[in-house]
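Results of the structural survey
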Amino acid sequence: ALDRCYHSFPCLADPARRSSLGLKIALVTLHLIFVGVLFLFDTDLIEKTKHEPWYTALFVLLFVSTLVQYFITSGSSPGYVIDAMRAFNETNSIFRKTSTTSKQPASSKNGNVVITMGSSHSGRNLPGSNATTWSKLVMEMYPPGTSIRSLTCSYCNLEQPPRAKHCHDCDRCVLQFDHHCVWLGTCIGQGNHCRFWWYICQETALCLWTGILYITYLKANISSDWWKAAIMIGLLVILSISLIFLLLLLLFHSYLVLTNQTTYELVRRRRIPYLRGIPERVYPFSKGVCRNLYNFCCVRSNIYNLDRLPTTHELEEKSIPYTCLDLFRCRCC
């Protein structure tokens, strides 16, 4: 029976995917239990729905959109190094073809490399106009004298650009690796960090709204049906713990977004070679709050933005303490 089941559903044959599927089913079941018990016990909410249907409609809409955002985030790619390398090779071949017919040099606005997927134009900004290989591109992002052996992943045998890390759960190198989320069953990286932030935001709002409805029910029905009140109190305690965790997680990732950091870079800063000598109060990849927010929210998901390591002069400028005059100059932006 198991063999027939694995043949019909190949995803169940892999223990990791089977565990991820089980966690997703458990998470959806928890959502249905918390909301279902509320509508099952709270008769006042049902009466309020008849007179003010918009209130319940907004709550159900938030509930559905949170689950949809969960599955969108879990099914999105975090941005793998192998995909960025393939995109660079495709863009590089297109650049070679177009350079034979046009003598215009490629424009370069900054030191970052932008690789566009699925475009017929050269969508990258390189320090020079000549076509380069992936290895040379990665080497140009590091300080001179860096060995290519220290940049090559021992598992994928690929040259890792800065901020990339190999995930042992996914068995791939991820761009701007943040962490591997067990509940989502995927890594959080450059490609889906924005979706992950929006999912946490929606989950926090849903948890807060559900908690308010639970408290409203207990205030009106605490003396009647003690077993219902006991169930609601137990669920409210679990909901309160989840809300505290979600609020802390939302604030933490909001701080990471504003400073252009990742969880891995913040936690393992002293163990990462290119961050070891940089003071902790200096954010080497930050481009200002406004630019960080723009790159995080508005950059298309089909673009790989590879950050180079800042120079010594740039680090010295970022290490200068802020003053009141800098606020009027919008230096932090």
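Residues numbered from 1 in each chain as written. Predicted model: local features only at pLDDT ≥ 70, side-chain atom pairs only at ≥ 80, totals over all residues. Heavy atoms only, no water.

1. Describing the overall build of the chain
Helix and strand counts for the chain come out as twelve helices and six strands. Sorting the 333 residues of the chain into buried and exposed places 39% on the buried side. Sequence separation of 24 or more characterises 62% of the internal contacts of the chain that already satisfy a separation of 6 or more. In the structure as shown, the chain presents an accessible area of about 19400 Å², 63% of it carried by carbon and sulfur atoms. (Helix = DSSP H or I, 4+ residues; strand = E, 2+ residues; numbered from the N terminus. Buried < 20%, exposed > 50% of the residue type's maximum accessible area, 1.4 Å probe, protein only. Contact = heavy atoms within 4.5 Å. Areas by Shrake-Rupley, 256 points an atom, 1.4 Å probe, with all protein chains shown as cover.)

2. A word on the UniProt feature "transmembrane region" (unreviewed entry) in the chain
The positions that UniProt labels "transmembrane region" (unreviewed entry) are, in the present scheme, residues 21–41, 53–72, 196–217 and 229–252. Between the end C-alpha atoms of residues 196–217 the distance is 32 Å, and the span holds 100% helix and 0% strand. (UniProt positions renumbered as here; feature names shortened; annotations may be inferred.)

3. A closer look at a nonpolar patch on the surface
On the surface, Val-60, Val-64, Val-68 and Ile-72 cluster together to form a nonpolar patch covering roughly 290 Å² of accessible area. Note on placement: Ile-72 falls in helix H4 (residues 53–75). Ile-72 sits in the partly exposed class, given a relative accessible area of 41%. (Patch = residues over 30% accessible without salt bridge, like charges linked within 9 Å, V, L, I, M, F, W, Y side chains within 5 Å. Salt bridge = Lys/Arg side-chain N within 4 Å of Asp/Glu carboxyl O.)

4. Quick notes on the packing of H4 against helix H7 (residues 193–221)
At a minimum axis distance of 9 Å, the contact between H4 and H7 shows a crossing angle of 145°. Crossing of H4 over H7 shows left-handed handedness. In this structure, H4 uses Tyr-55, Leu-58, Phe-59, Leu-62, Phe-63, Ser-65, Thr-66, Gln-69, Tyr-70, Ile-72 and Thr-73 to contact H7, whose residues at the interface are Arg-195, Phe-196, Trp-198, Tyr-199, Gln-202, Glu-203, Ala-205, Leu-206, Trp-209, Thr-210 and Leu-213. Considered class by class, the residues forming the contact of H4 with H7 number 14 nonpolar, six polar and two charged. (Axes fitted to C-alpha atoms, helices over the stretch in contact; angles between N-to-C directions. Left-handed = near helix turned anticlockwise from the far one by under 90°. Nonpolar A, V, L, I, M, F, W, Y, C, P; charged D, E, K, R; others polar.)

5. Describing the confidence of the model for the chain
Looking at the chain as a whole, its pLDDT mean stands at 82, while 81% of the residues score no less than 70. Confidence over residues 103–109 falls short of pLDDT 50; this stretch has nine contacts with residues more than four positions distant or in other chains. Every residue in residues 117–131 scores below 50 in pLDDT, and together they form 39 contacts with partners more than four places removed in sequence or on other chains. (pLDDT = per-residue confidence, 0-100.)

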